[in-house]
Each structure stands twice: as C-alpha cells, then as structure tokens.
Amino acid sequence: MADHKNYWTQQRPDGKWESKRGGSDRASKVTETQAEAWACSKSKAKGSGGEAFLKGRDSEIRERN
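Counting starts from 1 at the beginning of each chain's written sequence and moves along it residue by residue. Only residues with pLDDT of at least 70 get local features here, since the model is predicted, and only at 80 or more are side-chain atom pairs given and counted; chain-wide, interface and lining totals rely on the full set of residues. Side-chain metrics in this entry use all non-hydrogen atoms of the structure; hydrogen atoms and water are not considered.

## Here's the deal with the nonpolar core
Move 1: Ranked by size, the top nonpolar core spans five residues in total: Tyr7, Trp38, Ala45, Ala52 and Leu54.
Move 2: The set of elements that each furnish at least two residues to this core consists of α1 (34-48) and β4 (52-55).
Move 3: For Ala52, the residues in contact, after removing those within four places along its chain, are Tyr7, Trp38, Ser41, Lys42, Ala45, Glu63, Arg64 and Asn65. Only buried residues count toward a nonpolar core, which is a set of Ala, Val, Leu, Ile, Met, Phe, Trp, Tyr and Cys residues joined through side-chain atoms within 4.5 Å. The cut-offs for exposure are 20% and 50% of the maximum accessible area for each residue type, with area from a 1.4 Å probe on protein chains only; residues under the lower value are buried, those over the upper are exposed, and the others partly exposed. Each helix corresponds to a stretch of at least 4 residues labelled H or I by DSSP, and each strand to a stretch of at least 2 residues labelled E; elements are numbered beginning at the N terminus. Whether two residues touch is decided by their heavy atoms; if any such pair falls within 4.5 Å, the residues are in contact.

See below:
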C-alpha cells in the first residue's frame, strides 16, 4: 500500500516534471523544471507529515527530504 503522505518528483515522458502524491494516478503539479516540481513536493510533504522523494532520469531515488 502506498503512503499517501509522501510526494514524488519525477520526469514525465513529455520531458516535463511532476509532483505526485504516493498512490495517486494524477500529478498534483506539472512544471517545466525539476526545481519547481521538487519545491512543490517538499512543501506538500511537509504539510502532510510525509517525505518527498526526487527520482532522477534513471528512475533511481536521487534525494529524499
């Protein structure tokens, strides 16, 4: 079961970046840059008491907050 308090930042197939809540089908926010999506994920995770995860282009976790 996914932890709905956590937020993931990852690149989409179209090249844009998304902030997405764990277990969700749709992105919470889609941005042009990784930095914008990462800031959104960190902010939302802090508000929900969860963690934020940043996935690199190779789909490996690069950073967590």
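## Details of the pattern of salt bridges
Move 1: Every case where a carboxyl oxygen of Asp or Glu lies within 4 Å of a side-chain nitrogen of Lys or Arg is listed as a salt bridge. Enumeration over the complete set of coordinates arrives at four salt bridges.
Move 2: With its nearest N and O atoms 3.6 Å apart, the salt bridge here joins Arg12 to Asp14.
Move 3: What makes Arg12 partly exposed here is its relative accessible area of 28%.
Move 4: In this structure, the salt-bridge partner of Glu32 is Lys16, at a minimum N-O distance of 3.4 Å. With Glu32 in the loop between β3 (29-31) and α1 and Lys16 in the loop between β1 (7-11) and β2 (17-21), the pair connects residues that are 16 residues apart, well separated along the chain.
Move 5: According to the relative accessible area criterion, Glu32 is exposed, its value standing at 57%.
Move 6: Taking the relative accessible area as the measure of exposure, Lys16 reaches 31% and is therefore partly exposed.
Move 7: If you follow the salt bridges from partner to partner, you end up with Arg12, Asp14 and Glu18 in one network.

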